[in-house]
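Geometric and topological summary
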Amino acid sequence: MAPFRTYGTRSEIPTTSVKKTADPIANSSTRRERESQWRSEQTTKLQKMGLVGPLALMVMCAMVGTVAYSRASLRTSLPTGGATMGTIESGEPHTAYLKTSKPSGLQHDDISAAKPTSEVAATVASDSGSGDVLMLKVYNDDYSKAPASLGSGYYKWEYNLEPGRVNHMEVSVDSTEEDTTEYTWYVLDDDSSTTVKDAVHEKTAKKVSYTPRLNDAGSVFAFAVVRKDSSGAVLSTQRFQVACKYVRREFRELSEADKTSYFDALSIIYHTQTEEGKDTYGSKFRGSDYFVKKHLGAMTLEACTPWHDSEVFVTTHAAFNLEYEGSLRSIDESLSAHYWEITEDNSRYAENWATQSPIFSADMFGSFDFSTSSEHAYLADGRFTDVTFPTCDDDDASCPEHSIYGYMIDSNSYQSGATLERAGSACGIPTTSKLPGCQFAERAMSSKNLHKFWANVELRYHGDQHGLIGGVRGCKFEVATELSEFAHNTTVMRYAEDIVLFMSIWGRTLFAQDDMDLGDYSGTVVCPHSTDDCVDDTDCTCSLPTVLEAIDNGSFDLDYAINVLTETGLYSDIAGARGWAAMFDAAADDGDDISIDNWQNAFVDLDTKQTEALILYTAKQAAYHPRSIMAYALSLGSVNDPIFWAGHNSWERMWHWKRIESVTATDHEKTWWNSWNESDVLADSNAATCTWSAGAESTLPFFDLMKDESTENKYYTNKDMLRMFHPDNKALPHIYDSLEYNHCTGDLSDNDDVDVQHADFRTNLMSSVRKKMAQKYGAKVERGYTDHEATQLNSYYESLFHLKTLDNYEDRPIYEGTYSP
């Protein structure tokens, strides 16, 4: 068994708290129903104790207050000041438990430590509350309702103030009579805020207003309210604990003003270079050039990706989101990295998501231009029609991954123009596949540990949408032409789409085999190394000239096609994705490299004629890499499309739910959920994650993204981020508006779902590419890097680890040239 280590565990929710439903998809219910059920249960308990009427109500509210304090203040698993690794407990040789100190801030058992500034406030601080129960409502000018995730057994806070917005806290007493009493507010704990006391402390009003600032995010305030009658007699006192966090909302739930502000800021990020933006918006600003370069990595030189293909996807992409939020807030401090819940589009629009979803509209990320005859697939409308790829200077050694045109995009991209395109089609046919649906969300949220969660998220729920949204153009062999006989057969067309989308990524393996002789049928791989190698645009891509010649002279047939698929590895890819074995011919005297006796089984639900046509088409696709694989479809360079930030956030909402949900798990399950796979990446033939980024203690180029004393003046490690990004961490600057999937109803079993079967087919095909990339990485590491490669990689990582004054700057990856060709 691979070793796992545990970091950043979550202590158990007190038994008096509202319990979260076991499954937000299958058993999702409304907040009001859960609260009503809880109150009913508590009332029954109180009646058994002989407490009824107003006294019972006061006791119940005291219980709620106790729960709020215990959940938010008495936790010992996630201190704001950080923690250090403890010793390995006996009996768990592969598990190290995080030893933590008590979190800073207001403590329920030491509330007087807040040092109130008046005698009345001191009385409140030492008193547990008395008199009529006061009810608190927290809202802001943009959103009148509190996030559904609060006060419902998910996050441990009942109330929340949003930074950058005018928030209102309003108290009332549960009475039908006119309220003529006086309310005075006191700040018992300002959690180091420099603004909250001036706005709230000793203010007399039923409603007080407060606009927290950016630096207040990740705080939890303690307030007290004293209610008096006209004579000054105290009628009641009550304390409230209120978090101060940004709220990430689903795009369709944004107010019009918030939506406009968000997309205006996003447009600035995609139209402003980083250094220029810093002069205008401050040091936290990052333009798209920064994010593209960082996320792109150096796959061609390094043969690995620092941010993908293992659990590191989860920690680093959560960090990317925080970094992106920092850039948004440098422009407008009220903004958050909002999310697109892709499964809603599956439920609402099915295969029509590209034409009907508001996500693809002028108000948001821009509409598709669905003309399949146009030379380009520019966005039809919106703020991003003129977005262009960042470029690399010829003498910039810190930009190792780029196209032959100098664009910061995957090196196997041969798009000649710099303007962003998004096709919504695959080699001439409109995309008809649905986006990942509730079945894939169910798989992710049923994961039993972080490793399985990563696999279900990156490879399935998240990964499949890249190709569907990006699309593929510039194909020598168009589907509509090559398979015209089957144009009305939806099954054949679906398989053709699957193949095209898969081979857009498979092309990187072809690109990596440049100048390699693949065999008698496929011949040598030829890829242009610069634009000087291209006679015209149609030649500017990787190809198999031997196969193209066979197609032209008429010698290309089924036997030839199967041999091409065998030599390129595509035959075994399809066989593995379908679960049937590619059988090689044992006879050595018939001139065939493989048997074609079983080729009829390559695709489910197709007859022999249809299967033959698809095999021939797949071999033709292998012979000519499409010239225009859209940026978003290429994955590594997908940040070039602003839709990246919508599609890379919804999975983090699942991560919040899973880590909160794990409180109901067994101790063993909790250990797994907060653990890191420490197995050797190079020994895992399925992972192309860079070894320097894959470990729990690996130092990564992220820093100063949130309050955290233990990482002050340091770059983060995966262990740090696993702890810091826990949804129970008070210092985490954000929550999600909802953690439920109310649109996911009915039977979510996917055994007979054709759309799920095709999505699984594409995912399984992609798994074969991952294996090939992992094998190439292992071979590269074993061979070593040249001096030139090492110099470029060091220059690249020095640009990412750009702050040399941080304490662990020397822990960045440093390459040495050990191989001489």
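The coordinates are above.
Small disclaimer: the values here were computed from a predicted structure and weren't measured. (Residues numbered from 1 in each chain as written. Predicted model: local features only at pLDDT ≥ 70, side-chain atom pairs only at ≥ 80, totals over all residues. Heavy atoms only, no water.)

Bringing helix α26 (residues 754-783) into the picture now. Residues separated by three or four positions in an α-helix point in the same direction, a consequence of the helix having 3.6 residues per turn. When the terminal C-alpha atoms of α26 are compared, their 44 Å separation across 30 residues agrees well with the 44 Å that a helix rising 1.5 Å per residue should span. Two to three positions downstream of the cap, the backbone nitrogen of aspartate 755 sits 2.9 Å from a side-chain oxygen, assigning the N-cap of α26 to aspartate 753. Just past α26, the residue glycine 784 takes up positive phi, approximately 100°. (Helix = DSSP H or I, 4+ residues; strand = E, 2+ residues; numbered from the N terminus. Expected span 1.5 Å × (residues − 1). Polar contact = N/O pair within 3.5 Å; in protein donor to acceptor, adjacent residues only side chain to side chain.)

On the basis of which strands lie adjacent, the open sheet formed by four strands has the order β5-β10-β9-β7 and mixed pairing. The open sheet has two free edges, formed respectively by β5 (159-161) and β7 (182-189), since each of these has just one partner strand. Here the average twist between neighbouring strands, direction ignored, is 35°. For β7 and strand β9 (residues 219-228), the ladder comprises seven bridges, and the chain directions are antiparallel. Note on β9: the bridge partner recorded for aspartate 189 is alanine 222. (Pairing = 2+ DSSP bridges. Axes fitted to C-alpha atoms, helices over the stretch in contact; angles between N-to-C directions.)

Paired through their backbone hydrogen bonds, the strands of a sheet run either parallel or antiparallel. The three strands lie next to each other as β4-β6-β8, forming an open sheet whose pairing is antiparallel. Each of the sheet's edge strands pairs with one partner strand only, and the pair in question is β4 (134-140) and β8 (207-210). Each strand axis lies, on average, 20° off the axis of its neighbour in the sheet, ignoring direction. Relative to strand β6 (residues 167-173), β4 runs antiparallel, the two being bridged by seven bridges. Each bridged residue has a counterpart across the sheet, and for methionine 135 the counterpart in β6 is serine 172.

The next point concerns the environment of alanine 441. The residue alanine 441 is located in helix α12 (residues 438-445) in this model. In sequence terms alanine 441 and histidine 462 are 21 residues apart; their C-alpha atoms lie 9.6 Å from each other.

For the rest of this paragraph, the subject is the state of the cysteines. This structure, assessed with the given rule, holds six disulfides. Cysteine 427 shares a disulfide with cysteine 475; S-S distance 1.9 Å. Taking the sign of the S-S torsion, about -75° here, the bridge from cysteine 427 to cysteine 475 comes out left-handed. Remark: cysteine 475 occurs in the loop between β14 (472-473) and α15 (479-482) and cysteine 427 occurs in the loop between β12 (425-426) and β13 (429-430); sequence separation between them is 48 residues. Of the two residues, cysteine 427 and cysteine 475, both sit in the buried class. (Disulfide = S-S within 2.5 Å. Buried < 20%, exposed > 50% of the residue type's maximum accessible area, 1.4 Å probe, protein only.)

Here the focus is the packing of aromatic side chains. Tallied over the full model, the rule gives 40 aromatic pairs. Ring geometry for phenylalanine 221 and phenylalanine 223: centres 6.0 Å apart, planes at 55°, overall tilted. Phenylalanine 221 sits in the buried class, given a relative accessible area of 0%. Grouped by ring-pair contacts, the aromatic residues Trp307, Phe320, Trp692, Phe702, Phe703, Tyr715, Tyr796, Tyr797 and Phe801 constitute a single cluster. Positioned over the ring face of tyrosine 624 is lysine 476, at 5.6 Å from the centre of the ring. (Phe/Tyr/Trp six-rings, centres within 6.5 Å; stacked < 30°, edge-to-face > 60°. Lys NZ or Arg CZ within 6 Å of the ring centre and 35° of its normal.)

Everything listed here is a matter of geometry and, on its own, says nothing about what the molecule does.
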